Amino acid sequence: MTNINLVNLLVNESETLRSALKKINISGLGVCFLIKDNKLINVISDGDIRRSLLNNLKLSNKVNKVKLKKFIFVKEKHDFLDLQNKISKYKIVPILNDKREVIDYASEKRFRQIPQSEPLLKGNELKYITESIKSGWISSRGKYVNLFEKKFSNFVKSPYSLSTSSGTSALQLAIATLKLKKNDEIIVPDYTFVSPINSIIHSNCKPVLADVDLETLCISFDSLKKVVSRRTKALILVHLYGNSPELQKILNFCKKNNIKIIEDCAEGFGTKYKKIHVGNFGDFGTFSFFGNKTISTGEGGMVIFKKYKDYVLAKKLRDHGMSQAKKYWHDEIGFNFRLTNIQAAVGCAQLENANKFIKRKIEIHKRYKKKLNELNYIIFPKDQKYTKNSHWLSYFKINDNIKNHKFIRNDLINYLNKKGVEIRTGFFSAQQMKIYKKYKDKKINYNNSKIISDTIITLPSSVNLKNKEIDYICDLILKYKLN
Ligand SMILES: Cc1ncc(COP(=O)(O)O)c(C=O)c1O
């Protein structure tokens with residue numbers, strides 16, 4: 001909160017209505033704060049003064065003649081959510097110290113809740129949406145769908161891209177293209193957003209949960225080797241929070257064991273491994289354009305392919321399995337996983353700014369890391385030798401060697417949430433949840449996944465996050481006292 005000059009908001013009870021009105025006029029806030037002996041006694045609006053004048057008061061009358069009504073305020077150590085609630089009803093809310101002196105005020109403009117990750121739609125989004133609406137092509141035909149796929153291919157340098165209705169349908173489409181049998185096994189990390197696990201189950205295959213690496217949060221190679229079986233047909237490798245595992249060993253191992261790879265790059269847009277965009281290493285790479293992702297189409301996704309024949313089959317499956325040669329003739333049981341022309345129009349505009357967005361995400365991460373460096377109870381991810389992380393969401397872990405680390409993690413989150421900063425826990429170890437327990441592999445203990453579940457905190461990382469907001473968040477964290 002910044003200090004402001006309150007002079008134009010404070011009106012002493014000995015002042016006149018004219019003087020109060022002048023102050024309201026200067027501040028432009030529509031209210032002034034009536035004080036007696038420096039203590040707040042009421043909030044007077046320009047409407048209150050207008051009503052007083054209509055009730056025969058004169059501009060030369062003292063302001064304390066205005067009929068007093070109940071008013072609202074918050075204390076210096078207020079609860080942020082309570083304040084938000086009051087702002088939504090009263091627009092201007094005075095903030096008082098223990099002596100009832102006005103030390104500041106809150107309004108919608110002055111207090112913004114800082115979100116985790118919001119989209120930035122200030123490029124050509126509206127222009128292209130308007131064009132697609134004017135063209136009449138609002139479903140999945142129209143120029144933007146193909147254009148978006150082409151531009152996406154250029155961006156990630158992949159030969160074939162196919163847009164989908166979401167990151168989850170992209171995953172399901174990739175699995176369907178593998179043509180696996182019922183109960184074939186697909187290895188998936190235990191620490192992930194659940195979408196890849198659910199996609200495997202909905203495809204009638206069996207997810208086998210592997211542990212993750214403490215540093216990269218991606219699948220651990222040792223764990224992968226332990227959970228692999230004769231029935232393993234594929235691996236979904238999740239590039240969590242923009243990270244990448246040490247890929248080479250995994251690629252060699254999967255090749256040797258004839259295991260197909262789907263790279264889930266929903267959180268890895270912009271991440272490169274050995275200078276190549278992730279998604280290009282596996283047989284398939286899938287992306288999400290949900291509202292919190294680095295580029296967004298509202299809802300939406302993309303699959304990229306190594307092989308043309310997979311692309312052709314996936315395209316057919318995406319469109320109800322309809323034959324390309326004969327309309328309404330179906331030779332596959334397909335889905336409707338298509339992206340609309342309007343969404344693709346947004347995607348084209350977003351791609352125009354994608355490099356800027358990725359650059360900003362990386363800057364945000366660096367600024368957090370630099371500012372919070374002195375705190376020895378938190379751990380930021382280390383830079384990896386071959387990976388250029390796009391830092392979709394910045395995060396740190398609470399050092400799990402510290403007693404009460406779980407409590408500290410949750411307490412720090414509550415403390416920042418109350419100050420209007422949306423920081424969050426990350427995902428949770430899937431095998432801890434009742435519905436996923438049966439996909440545990442008894443040979444491993446998921447220790448790393450559990451530690452990350454208990455210690456991770458994700459930080460606001462929107463591309464339009466201002467440096468001063470990062471500094472505000474860091475100052476709050478620096479002030480937080482470990483008990
Ligand atoms: C790792 C991961 N995979 C898949 C998805 C699913 O994407 P969507 O929400 O677009 O279905 C998400 C996220 O939202 C994700 O974070």
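Residues numbered from 1 in each chain as written. Predicted model: local features only at pLDDT ≥ 70, side-chain atom pairs only at ≥ 80, totals over all residues. Heavy atoms only, no water.

Student: Where do I start with the sheet that holds strand 10 (residues 232-238) in this structure?
Tutor: Each strand in a sheet pairs with another by means of backbone hydrogen bonds, the pair being arranged parallel or else antiparallel. Reading across from one edge, 7-15-14-11-10-8-9 is the order of the seven strands in this open sheet, with mixed pairing throughout. Strand pairing shows two members of the sheet lacking a second neighbour, strand 7 (160-164) and strand 9 (206-210), which therefore form its edges. The sheet shows a mean angle of 25° between the axes of neighbouring strands, direction not considered. Bridge count for strand 14 (residues 284-288) against strand 15 (residues 301-305) is five bridges, and the pairing is antiparallel. Paired with F287 across the bridge in strand 15 is M302. Each of strand 7, strand 14 and strand 15 is contacted by helix 10 (residues 308-318), which is oriented at about 15° to strand 7, the strand it contacts most. (Pairing = 2+ DSSP bridges. Helix = DSSP H or I, 4+ residues; strand = E, 2+ residues; numbered from the N terminus. Axes fitted to C-alpha atoms, helices over the stretch in contact; angles between N-to-C directions. Contact = heavy atoms within 4.5 Å.)

Student: Just checking my understanding: could you explain the site of the ligand for this structure?
Tutor: Among the 13 residues in the neighbourhood of the ligand, the closest are listed as G167, T168, D264, E267 and S288. Contact distances for the ligand include 2.5 Å between an oxygen atom and a side-chain N or O atom of E267. Contact with the protein chains covers 92% of the free accessible surface of the ligand, which is 380 Å². Secondary structure elements with two or more residues in the shell around the ligand: helix 6 (167-178) and helix 7 (195-202). Here the shell around the ligand is built from residues that sort into four nonpolar, six polar and three charged. (Near = heavy atom within 4 Å. Polar contact = N/O pair within 3.5 Å; in protein donor to acceptor, adjacent residues only side chain to side chain. Areas by Shrake-Rupley, 256 points an atom, 1.4 Å probe, with all protein chains shown as cover. Nonpolar A, V, L, I, M, F, W, Y, C, P; charged D, E, K, R; others polar.)

Student: Sorry, what's going on with helix 14 (residues 447-455) here?
Tutor: Residues that lie three or four places apart on an α-helix share one face, since the helix turns once every 3.6 residues. Among all positions in helix 14, only S449, I452, S453 and T455 are buried. Among the structural elements, strand 18 (395-398), helix 13 (405-418) and strand 20 (456-458) are those in contact with the buried residues of helix 14. (Buried < 20%, exposed > 50% of the residue type's maximum accessible area, 1.4 Å probe, protein only.)

Student: How should I be thinking about the sheet that holds strand 2 (residues 31-36) in this particular structure?
Tutor: One open sheet holds the three strands; their spatial order is 1-2-3, and the pairing between them is mixed. Of all the strands in the sheet, just strand 1 (10-12) and strand 3 (39-45) have a single pairing partner and so form its edges. Adjacent strand axes in the sheet meet at a mean angle of 35° when their direction is disregarded. By the bridge criterion, three bridges tie strand 1 to strand 2 in an arrangement that is parallel. Looking at the pairing, L10 lines up with F33 of strand 2. Contacting strand 1, strand 2 and strand 3, helix 1 (residues 17-27) crosses the sheet at an angle of about 135° to strand 2.

Student: Sorry, what's going on with the pattern of salt bridges here?
Tutor: Two side chains that carry opposite charge are able to pair once their charged atoms sit near each other. On inspection of all chains with the given rule, the structure shows 21 salt bridges. Across the pair E15 and K23 runs a salt bridge, and its minimum N-O distance is 3.4 Å. In this pair, the class of E15 matches that of K23, namely buried. Its salt-bridge partner being E422, residue R424 comes within 2.9 Å of it at the nearest N-O pair. The class for E422 is partly exposed, based on a relative accessible area of 25%. Bridged by salt links that share partners, the residues E149, R318, D319 and R338 form one connected network. (Salt bridge = Lys/Arg side-chain N within 4 Å of Asp/Glu carboxyl O.)

Student: Is there a simple way to think about unusual backbone geometry in this case?
Tutor: Residues apart from glycine generally show negative phi values, whereas peptide bonds are mostly found in trans. With a phi close to 75°, N56 is a non-glycine residue in the positive phi region. Here N56 is to be found in the loop between helix 2 (46-54) and strand 4 (74-75). Residue classification places N56 among the exposed positions, given a relative accessible area of 65%. Even without being a glycine, H320 presents a positive backbone phi close to 65°. H320 sits in the partly exposed class, given a relative accessible area of 36%.

Student: Would you explain a positive patch on the surface in this entry?
Tutor: A contiguous patch of positive charge, built from K39, K75, K99 and R100, is present on the exposed surface. With respect to the helices, strands and loops of the structure, K39 is situated in strand 3. Assessed through its relative accessible area of 40%, K39 is described here as partly exposed. (Patch = residues over 30% accessible without salt bridge, like charges linked within 9 Å, V, L, I, M, F, W, Y side chains within 5 Å. Lys, Arg positive; Asp, Glu negative; His and termini not counted. Charge placed at Lys NZ, Arg CZ, Asp CG, Glu CD.)

Student: What's the story with the environment of Y472 in this structure? I'm lost.
Tutor: As for its placement among the helices and strands, Y472 is situated in helix 15 (residues 467-479). Given a relative accessible area of 31%, Y472 falls into the partly exposed group. For the pair Y472 and V421, spaced 51 residues apart in the sequence, the C-alpha separation amounts to 9.4 Å.

Student: When you look at the pairing of strand 5 (residues 93-96) in this model, what are you seeing that I'm missing?
Tutor: Within a regular strand, the side chains alternate between the two sheet faces. Judged by which residues are buried, strand 5 turns out to be covered on both faces: V93 and I95 on one side and P94 and L96 on the other are all buried. Of the pairings in the sheet, the one linking strand 4 to strand 5 comprises two bridges and is parallel in character. What sits directly across from K75, in strand 5, is L96. Where strand 5 meets strand 6 (residues 102-106), four bridges bridge the pair, whose relative direction is antiparallel. In the strand pairing of strand 6, L96 is matched with V102.

Student: Is there a simple way to explain the side chain of T458 in this structure?
Tutor: With respect to the element layout, T458 can be found in strand 20. T458 sits in the buried class, given a relative accessible area of 3%. With sequence-adjacent residues up to four places away left out, T458 is seen in contact with Q116, Y241, L393, S394, Y395, I423, R424, T425 and G426.

Student: Looking at this model, I keep getting lost on the pairing of strand 14. Mind explaining?
Tutor: Within strand 14, five of the five residues are buried, which leaves the element mostly enclosed by the surrounding structure. Burial along strand 14 is two-sided: the residues F284, T286 and S288 and G285 and F287 are all buried. Here three bridges tie strand 11 (residues 260-264) to strand 14, and the two strands are oriented parallel to one another. Within strand 14, the position partnered with E263 by the bridge is G285.

Student: How do you make sense of the domain arrangement of the chain when you look at a structure like this?
Tutor: Reports often express the size of an interface as the amount of accessible area lost when the parts come together. For the chain, the assigned domains are domain 1 (10-106), domain 2 (125-352) and domain 3 (354-479). Interface of domain 2 and domain 3: buried area, both sides summed, is about 3,700 Å²; carbon and sulfur atoms make up 60% of it. If you sort the residues of domain 2 by the area they bury against domain 3, Y191, L214 and Y241 come out on top, with a joint share of 20%. Across the domain 2-domain 3 interface, the total number found is one salt bridge. (Domains from an automatic or database assignment. Buried area = accessible area lost by both parts, 1.4 Å probe.)

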